[in-house]
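Letter by letter, the chains look like this.
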Amino acid sequence: MRKAVIVIVVAAAAAGGFYRLSTDPSRDSASEPSRISPSPADSTTSENPPETNQSEAAWQKLRGRLNERLAEVPAGGSENDADAQAEGEPPVFDTRADWLAAAGVTPEEEEEYFAWALERGIELESLGYEYYDRETLQALADSGDLFALQRLGDQAAWGEQQLEQAEVLYREAATRGSVVALDRLALNETSKAMASAHEDQHQSAKGHLLKALAWNEVSRRRSGGLPIPAMREANVRQHLEKLDVSLGDDDRERIQAQAEALYQQLSERREKLDLGDFDNAKAALIEKLERQGLDKPSIRDP
């Protein structure tokens, strides 16, 4: 039971935004309440990333199955729940609150986790940025709003294919604490690698993929135990395999050195903005889930 809860809570957040079961405040009261809503990266609009991450697709499928189960199970649970659990099947819970309670997570720890996630640019429930026009987003971004910066970065990268402009926006969001922006920076480099590979510039493509892994190392340092870096690394390694590239010791040293340099650049920019040092601490909720037996995905070389 605990393992099922752990995977749902932690991995779904990394996969693209595990929203609370609530009605979007920007819609009228007659709106159908959301269950587990997709992130902008999950949508099918013109702002989609130029690729489909297989790991992210797997989590989307998981969220779909969970929504179906929630729709099928009546209030109070199914009569077959006990039999299913006796046979070793994952338990079916009526609400996300039941999942958290089964893992021993208190409401206070959940609220602390939401605050922790917001500081890191993780939109666990819709904040309404998808409804803002560009002028509003730009005004918010100019004031340092990391969610507006991320949104503009997504528009530049996915809608306009302006990857250099997107990098500037993502870097600023990452400076202000966003781990989502760090993942987007890794994705941005992957997109550049794909473009280079299409032009048969394989050395350039490899360089971009190494930088993607460097950004991913920064993300690993900042993500507080969330599996975001593991999912992104798996995607980057797929592209390395397509290029028939194996990483040697020199490549790994280059990745680590570049990651350190990128982290220092963000830290120096953060210091100029008088924002203080990065807080790389884990949320209490994540620490509790890990202590209860979270099987974290492999994120190193096999």
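Residues numbered from 1 in each chain as written. Predicted model: local features only at pLDDT ≥ 70, side-chain atom pairs only at ≥ 80, totals over all residues. Heavy atoms only, no water.

With that out of the way, let us pick up the overall build of the protein chain. Broken down by element type, the protein chain carries 13 helices and zero strands. For the protein chain, the succession of helices and strands along the chain, N to C, is α-α-α-α-α-α-α-α-α-α-α-α-α. Counting only residues that meet the buried cut, the protein chain has 48% of its 302 residues in that class. Expressed as a percentage of contacts within the protein chain between residues at least 6 apart in sequence, the contacts between residues at least 24 apart total 68%. With the model as given, the accessible surface of the protein chain reaches about 15,100 Å², and the carbon-plus-sulfur share is 47%. (Helix = DSSP H or I, 4+ residues; strand = E, 2+ residues; numbered from the N terminus. Buried < 20%, exposed > 50% of the residue type's maximum accessible area, 1.4 Å probe, protein only. Contact = heavy atoms within 4.5 Å. Areas by Shrake-Rupley, 256 points an atom, 1.4 Å probe, with all protein chains shown as cover.)

Another point: the packing of helix α5 (residues 107-119) against helix α13 (residues 284-291). At a minimum axis distance of 7 Å, the contact between α5 and α13 shows a crossing angle of 115°. Note on element contacts: α13 touches α5 through A284, L285, I286 and K288, opposite E109, E110, E112, Y113 and W116. A breakdown of the residues in the contact of α5 with α13 according to their chemical character gives five nonpolar, no polar and four charged. (Axes fitted to C-alpha atoms, helices over the stretch in contact; angles between N-to-C directions. Nonpolar A, V, L, I, M, F, W, Y, C, P; charged D, E, K, R; others polar.)

Turning our attention to helix α8 (residues 163-175). For an α-helix the count is 3.6 residues per turn, leaving residues at separations of three or four pointing the same way. Counted at 1.5 Å a residue, the expected span for α8 with its 13 residues is 18 Å, and the 18 Å between its end C-alpha atoms agrees. Buried residues of α8: L163, A166, E167, L169, Y170, E172, A173, A174 and T175, and no others. At its buried positions, α8 is contacted by α7 (146-159), α9 (179-198), α10 (202-222) and α12 (249-272). (Expected span 1.5 Å × (residues − 1).)

This paragraph deals with the packing of aromatic side chains. Scanning the model with the defined rule gives five aromatic pairs in all. Plain terms: the ring middles of Y113 and F114 are 6.4 Å apart, the flat faces sit at 85° to each other, and that makes the pair edge-to-face. Of the residues examined, Y113 reaches a relative accessible area of 2% and is grouped as buried. We classify F114 as buried; its relative accessible area is 5%. Against the face of Y263 rests R221, its NZ or CZ located 3.6 Å from the ring centre. (Phe/Tyr/Trp six-rings, centres within 6.5 Å; stacked < 30°, edge-to-face > 60°. Lys NZ or Arg CZ within 6 Å of the ring centre and 35° of its normal.)

The next thing to look at is the nonpolar core. If you look at the biggest cluster of nonpolar residues, it comprises 41 residues, and the most contacted ones within it are Y170, L182, W215, V218 and L266. Each residue touching Y170, except ones within four places of it in the same chain, is listed here: Q150, G153, D154, A157, W158, A181, R184 and L185. Grouped together as the second largest cluster of nonpolar side chains are 16 residues, Y113, A117, L124 and L226 included. (Core = buried A, V, L, I, M, F, W, Y, C linked by side-chain atoms within 4.5 Å.)

To continue, consider the packing of α10 against helix α11 (residues 228-242). Across the interface, α10 lies against α11 with an axial gap of 9 Å and an inter-helix angle of 170°. Relative to α11, the element α10 is oriented roughly antiparallel. Residues L209, A212, L213, N216, S219 and R220 of α10 lie in contact with α11, whose contacting residues are I228, P229, R232, E233, V236, H239 and L240. Residues belonging to the contact of α10 with α11 are distributed by class as follows: seven nonpolar, three polar and three charged. (Parallel < 35°, antiparallel > 145°, perpendicular 65-115°, else oblique.)

Turning to the side chain of D251, a few remarks are in order. Within the secondary structure, D251 is located in helix α12. At 3.1 Å, the side chain of D251 and the backbone nitrogen of G248 are in polar contact. Excluding residues within four positions of it along the chain, D251 makes contact with K206, L210 and S246. (Polar contact = N/O pair within 3.5 Å; in protein donor to acceptor, adjacent residues only side chain to side chain.)

The next point concerns the pattern of salt bridges. One pass over the full model with this rule turns up 18 salt bridges. Here R171 makes a salt bridge to E167, at a shortest N to O gap of 3.3 Å. Note that R171 and E167 are positioned in helix α8 at a spacing of four residues, about one turn of the helix. Residue classification places R171 among the partly exposed residues on the basis of a relative accessible area of 22%. E167 is paired through a salt bridge with K211; the nearest N and O atoms lie 3.8 Å apart. Here E167 is found in helix α8, whereas its partner K211 is found in helix α10, with 44 residues between them in sequence. (Salt bridge = Lys/Arg side-chain N within 4 Å of Asp/Glu carboxyl O.)

Everything listed is a geometric property; what it means functionally is a separate question.
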